[in-house]
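Structural overview
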Amino acid sequence: MATKSFQELRVYKLSERLADEIWKAVNTWEPFAKNTIGQQIVRSADSVGANIAEGVGRGSYQDNKRFVKIARGSLYETQHWLRRAYTRNLLTVEQVNIFTAIINDLAPQLNSYLQSIGSSPKNHEQ
């Protein structure tokens, strides 16, 4: 499997950054927004990194690929919730710009990481 721990992967670090930025934003919301859309968006954002980590820990290339695909799905879900939050005036343009910049870096990194996993024992670092 990979010689790097999942915590050292650039794709994982980006997922942490996105989740932390979203947490900071949601933490300022009123209780109703926090308890509805806020919980959804935090869970989906946290799920990106959690699935990258779980995939690495599963020990097979097939499982790792499967969990990276789940992470990619969680990223798309996060984008959905960000759109809903912005439409509902819960996010500023500045916050959206921060999230968009991270996502625009993270999405292709997830795809590259997925492609790098392959099906043979080699180094799968990104």
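Keep in mind that this is a model prediction, so the values were computed, not measured. (Residues numbered from 1 in each chain as written. Predicted model: local features only at pLDDT ≥ 70, side-chain atom pairs only at ≥ 80, totals over all residues. Heavy atoms only, no water.)

Some details on the side chain of Ser 15
Mapped onto the elements of the fold, Ser 15 is located in helix α1 (residues 10-26). The exposure class assigned to Ser 15 is buried, which follows from its relative accessible area of 2%. Engagement of the side chain of Ser 15 in a polar contact is seen with the backbone oxygen of Tyr 12, the distance being 2.6 Å. Those residues in contact with Ser 15 that sit more than four places away from it in its chain are Val 48, Gly 49, Ile 52 and Leu 106. (Helix = DSSP H or I, 4+ residues; strand = E, 2+ residues; numbered from the N terminus. Buried < 20%, exposed > 50% of the residue type's maximum accessible area, 1.4 Å probe, protein only. Polar contact = N/O pair within 3.5 Å; in protein donor to acceptor, adjacent residues only side chain to side chain. Contact = heavy atoms within 4.5 Å.)

So, the packing of aromatic side chains
Scanning all chains against the criterion turns up 1 aromatic pair. Aromatic side chains Phe 6 and Tyr 12 sit 4.9 Å apart centroid to centroid with 85° between the ring planes, which places their arrangement in the edge-to-face category. Since its relative accessible area comes to 22%, Phe 6 is described here as partly exposed. (Phe/Tyr/Trp six-rings, centres within 6.5 Å; stacked < 30°, edge-to-face > 60°.)

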